[in-house]
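What the coordinates show
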Amino acid sequence: MKLFSKKSLGVLVPVLAVVLLLSGCVNQAQTPKTMETIKIGVIAPMSGDAAAYGEQIQRVIDSYLPKLNEDAKVDGKQFQFIYEDGKCGGSEAVSAFQKLKDIDGVKFVIGGACSSETLGIAPLTKDGSVLVTSAFSSNPAIEGASPYTFTFSYSDDVIGKTIAKEMSKYERVALITEQNDWNVGVQKVVLDEFKANYPKVTVVANETYPKGATDMRSVLEKIKKMAPAAILLNPTPGVTAETLVKQMAEIKDWPGTTIFGQYSYISETALAAAPALTNGMIIIDAPKVNNVELTAFIDSVTKEKGPLTDIGNFYTASLLDDVKVVTGLIRELGNDQAAVQKALKQRTFSGYISNNISFKDSSFPGVGGGIYIVKDGKAEYQQ
Amino acid sequence: MFFLQILLNSLVVGTQVVLLAVPLYLVYAASKIYHLALGATGISVAYALYFGLTSGWGWPITILFTLICAIVLGLLSFALLEKLAKKKEHLFGLLVSFSLGLCLEASMALMFGTDGKFFLSTPLPTINFSELYLTVPGAITLVVGIVLSILFLLLTTQTPWGREIKAVSENSYLLSSLSFNASLVRATVLVVASVIAGFVGIMTTFNSTLVPGAGFNIVVLAFIALLVGGVHSLKGTIVAAYLVVLIPELVVGLSSGSYSVSLSWKMVIVFIVAAILLTWKPNGLLERRERVE
Amino acid sequence: MGYFLTQLARLAESTITAIGSHLTIAVGNIFFLGGSTMFCFGAYALAVSQKFGLDPWWAALLSIVFSFFVSFLFVLAYIKLSNDSFAVFTLSSMLAFEALVKSWDDVTGGILGIAGILRPDNLVKLKQLVIFQIILMVILLFIEFVILKTVLGRSLLGMRESRNFVEALGTSTKRTGSVAIIICCVLAAMAGVTGVWRIQFLDASFGSIAMLVQSVTIAILAAKPQVRWLMLSAVFVTFLPEFLRFTPLPSTMIGHLRILIYSVLLIVVLLTISKKLMPQKRFI
């Protein structure tokens, strides 16, 4: 029988469909009958430009899982995390969400990581079938997007307003922003704040470069020509942040210019790329998470599985808080997304990111912005 | 000085595109296939260099290893595309080449991860002329690019090898009957193309960052340059590569104030420039009209 | 259930887009790579219209009408340029459009996109929408089947064999090609409209190179001018990445492995079937 004859077509297509149907039934974890296995979906970028985030998210969760399941044995529950690739985009995140919901039967999803992933799946949660909690997404549009969507990250609103307030001390400012949902969100808030509350500030340059771009020299020359008194560097964390400061350092001569940064420059790796340039940099980020337990955890994950430099200290903390709060509520209230959602809205929680995590009036946990100044390659928390 | 600096930066980027457009032209000339995998090939070779350096091998062994990788990738491309070139199945060749590019990109992502790598953890050393500066990899790219462009221009137009390349895509059976080995010509072209692409990959990523997907954008620009310049004219391809890169870079770099154009608009400008040039000269910048009978 | 409905919907969207690519690339040998541009354009036209308060059905109609007029830009390029140049023009249109929607914040929402796109009242449920998409796909496949039997279809087939010969018989290849391109653009826009209704969220990552590769691959694999080949090709190309989602591979690797396996399979399929698909028989 030829591969593409009529007969074979009649067999091939239904077989393919049946394989798809049945293959969803494989890989069911075998647990003792007395234990209830609770499946939680995780949507994060596992491929593409932001794949480093997905990899590190999995490192954190996989490292935390043994302890979580050990503690949950008491309640007769075991947790299983199922990862799906959101590719840092709304449409892929939707596909991933639907697979988790319909094939894997999850009622809870940790994710998306990127705001576009979370914004993509938020409308699908309005029916209350799945509760979504993101540890990373910070776009202000998430506020009120769905009663069943929350985020443990700070809002770009808070960070943007703090940046604008600090930069308002200078009359001539410049912004250089990577074209990514998070960065553009921050940029918008900063510009709106300047317009609304700091009319004396003149934005002499407002440059945007494509996501993942590797050569920003012409843009930097352009900004330098405008002689701003302050520059906000607004790239995504990781390689782009390092590339930006390195290329700034190659240009040399930024006399009298104060450099501002955000979360991307909290890590020592980014600052070490151009130590002379970044010394004295003012960084606006969430308040420093000073916790011995967290630091020890990060060190052990780094040693055993690999670095967490892209997600950093705060997002590791927010991810752990997200997992702890949600699994804690599931252990108490059962695999019931409605009950857990109600508890999230009514209670206050304590975690690494804050002792006062509350979703009573907001989809955000109410974490504020902090100011850091770089000294000798380290970002020192000021307030 | 500002204008000159922008021009200098743009020339480096333009030369990177030229250095990829030249092998693209050579492969097209020999097989009529658009070898879109050249971008990913270049980045794979750059990863080979990175691997050698981070493994602590000396420079001579690392360079040899990198060269061998480039040759192997060239031979792999030959193995995949030869049959299709012989049968003149150019559309399939384009798809196979594109798939090979995806395959190489995914392989690099699996082996090295998607987080970017730097050859140098510090800012690059620069060469300064008065107020102008140029990074060392950028300077090497410029010099080598100009030399290679002239060399290949001469090779393809003045030497028997150049004539063989053009002949093999026109009628490889006739060429074979004249006791030339058509397959050997195509294999040589693909290996040479891989080596040049590897050099471009190394220099581009040295100048910025090494990520698996870095080859795609540059190969698209090279592809545009090849078609704008004329698929039968290397001179036109080189000129087009500079035009297609320089104009958008200068527009972005020199615009300011309320008329400032951000780098994010670059591809839109490239498209408009390509559209204008193609409308003005549909057969290529330096091509003459052919009589259609 | 929602997952399978989504896969059926994706199949319908890929097939509708691929019908146009099939007519242009596979049947007429016209290197038109603008299908994904029009897929995105259709989606954005719908989303922006709805953003301004238009009813979903009227927004869809407006989107298709706009796409019809925009297709004339491609027609103009097709008439003026050579086949190779036209290919690069249409390929770069996709990248340019992506850059445009990412940068034009006021209209398209920029990188943040447009959320909460409404479905028509009678297609609110996913099941209803998918049934609509399947019916639309079947109708359009039937239309393609008819087109291939008509003068237009035969002219396109003739153009693949010899343009000069077709011209010599008094048929304008430019006009024939133009009609094929317009059909491709409108169909791609239709697919984009139904696609964005399904996802209800739109950003620059919608469509783009992934959709281009998919529709071109479907068209190339379905090189024979027969509808069943197109359908089989669409099923294979659309479902293959999803099939790999269920394989027991580590999650951190799975995204890249999927791309790797997909591209290797594509190479193998292209190399093994290429000799079988290039027609030895003539279809009259």
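Cut-offs used in this document
- Residues numbered from 1 in each chain as written.
- Chains lettered and ligands numbered in written order.
- Predicted model: local features only at pLDDT ≥ 70, side-chain atom pairs only at ≥ 80, totals over all residues.
- Helix = DSSP H or I, 4+ residues; strand = E, 2+ residues; numbered from the N terminus.
- Rg over C-alpha atoms; globule rule 2.2 N^0.38 Å.
- Buried ≥ 20, exposed ≤ 12 C-beta atoms within 10 Å, placed from the backbone.
- Contact = placed C-beta atoms within 7 Å.
- Nonpolar A, V, L, I, M, F, W, Y, C, P; charged D, E, K, R; others polar.
- Pairing = 2+ DSSP bridges.
- Axes fitted to C-alpha atoms, helices over the stretch in contact; angles between N-to-C directions.
- Expected span 1.5 Å × (residues − 1).
- Core = buried A, V, L, I, M, F, W, Y, C linked by C-beta atoms within 7 Å.
- Domains from an automatic or database assignment.
- pLDDT = per-residue confidence, 0-100.
- Parallel < 35°, antiparallel > 145°, perpendicular 65-115°, else oblique.
- Left-handed = near helix turned anticlockwise from the far one by under 90°.

To continue, consider the overall build of chain A. For chain A, the helix and strand inventory stands at 13 helices and 14 strands. A globule of 383 residues ought to have a C-alpha radius of gyration of about 21 Å, and chain A, at 23 Å, matches this closely. Counting only C-alpha atoms, chain A reaches 70 × 55 × 40 Å along its principal axes. Across the 383 residues that make up chain A, the buried fraction comes to 58%. For chain A, the proportion of contacts with a sequence separation of at least 24, taken over those separated by at least 6, is 70%.

The partner chain A presents 28 residues to the 28 residues of chain B that form the contact. Elements that contribute at least two residues to the side of chain B that touches chain A include exactly helix H1 (2-31), strand S2 (132-135) and helix H10 (234-254) of chain B. By residue number, the principal contributor to the side of chain B that touches chain A is H1 of chain B, which donates six residues. Residues belonging to the side of chain B that touches chain A are distributed by class as follows: 10 nonpolar, 16 polar and two charged.

Right, let's talk about the sheet that holds strand S3 (residues 108-111) of chain A for a bit. All names here are of chain A. Pairing in this open sheet of five strands is parallel, and the strands run S2-S1-S3-S4-S5 from one edge to the other. Each edge of the open sheet is held by one strand with a lone partner, namely strand S2 (77-85) and strand S5 (149-151). On average, each strand axis in the sheet is tilted by 25 degrees relative to the strand beside it, whichever way the strands run. As judged from the three bridges shared by S3 and strand S4 (residues 131-134), these two strands associate in the parallel manner.

The next point concerns H1 of chain B. Residue and element names in this part refer to chain B. Counted at 1.5 Å a residue, the expected span for H1 with its 30 residues is 44 Å, and the 43 Å between its end C-alpha atoms agrees. Most of H1 is tucked away: 25 of the 30 residues are buried. Lysine 32 sits one or two positions beyond H1 and adopts a positive phi of about 65 degrees.

Core analysis: the biggest nonpolar cluster contains 311 residues, and Ala222 and Ala274 of chain B have the highest contact counts within it. Of the residues forming this core, the biggest block, 16 residues, is contributed by H1 of chain B. Of the domains in this structure, domain 1 (14-154 + 292-358) and domain 2 (157-285) of chain A are the two that each give at least three residues to this core. In this structure, alanine 274 of chain B is in contact with Ile224, Val228 and Val244 of chain B together with Val88, Phe89 and Ser92 of chain C, ignoring residues within four places of it in sequence.

It is worth spelling out the interface of chain C and chain B at this point. At the interface, 30 residues of chain C touch 34 residues of chain B. Of all elements in the fold, only helix H4 (83-103), helix H10 (208-221) and helix H12 (251-277) of chain C reach the threshold of two or more residues within the side of chain C that touches chain B. A breakdown of the residues in the side of chain C that touches chain B according to their chemical character gives 18 nonpolar, nine polar and three charged.

This brings us to the sheet that holds strand S13 (residues 370-375) of chain A. Residue and element names in this part refer to chain A. Pairing is mixed in the open sheet, where seven strands are placed in the order S7-S6-S8-S9-S10-S13-S14. Every interior strand has two partners, whereas the edge strands, strand S7 (202-209) and strand S14 (378-381), have only one. The sheet shows a mean angle of 25 degrees between the axes of neighbouring strands, direction not considered. Bridge count between strand S10 (residues 282-285) and S13: four bridges; the pairing is antiparallel.

We now examine the confidence of the model for chain A. Residues and elements named next belong to chain A. The share of residues in chain A with pLDDT of 70 or more is 91%, and the mean pLDDT across the chain is 85. Within chain A, the element-level pLDDT minimum falls on helix H1 (residues 6-23), averaging 48, and the maximum on S4, averaging 96. In this model residues 15-32 is a low-confidence stretch, pLDDT under 50, and it forms 14 contacts with partners more than four residues away in sequence or in other chains.

Right, let's get into the environment of aspartate 127 of chain A. Here aspartate 127 of chain A shows up in the loop between helix H4 (115-121) and S4. Between the C-alpha atom of aspartate 127 of chain A and that of serine 146 of chain A, which follows or precedes it by 19 residues, the distance is 9.1 Å.

As a further point, take the packing of helix H5 (residues 136-158) of chain B against helix H8 (residues 182-207) of chain B. Two quantities define a packed helix pair, namely the angle between the axes and the distance from one axis to the other. Residues and elements named next belong to chain B. Relative to each other, H5 and H8 sit at 155 degrees, their axes nearing to 9 Å. When the axis of H5 is compared with that of H8, the two are roughly antiparallel. Note on packing geometry: the crossing formed by H5 with H8 is left-handed. Touching Pro137, Gly138, Ile140, Thr141 and Leu148 of H5 are Ile196, Met203, Phe206 and Asn207, all from H8. Of the residues belonging to the contact of H5 with H8, the class tally is six nonpolar, three polar and no charged.

Okay, the domain arrangement of chain A next. A common measure of how large an interface is: the accessible area buried when the components associate. Residues and elements named next belong to chain A. According to the domain assignment, chain A contains domain 1 (14-154 + 292-358) and domain 2 (157-285). Contacts between the two partners involve 14 residues from domain 1 and, on the opposite side, 15 residues from domain 2. Broken down by element, the side of domain 1 that touches domain 2 gets its largest block of residues, three residues, from helix H12 (residues 312-333). Its residues assigned to classes, the side of domain 1 that touches domain 2 comprises five nonpolar, seven polar and two charged.

Attention shifts here to the pairing of S10 of chain A. Residue and element names in this part refer to chain A. In S10, alternate side chains face the same way, and those of Ile282 and Ile284 on one face and Ile283 and Asp285 on the other are all buried. With two bridges connecting them, strand S9 (residues 258-261) and S10 associate as parallel partners. Residue glycine 261 lies in a different strand from S10, and its bridge partner there is isoleucine 283.

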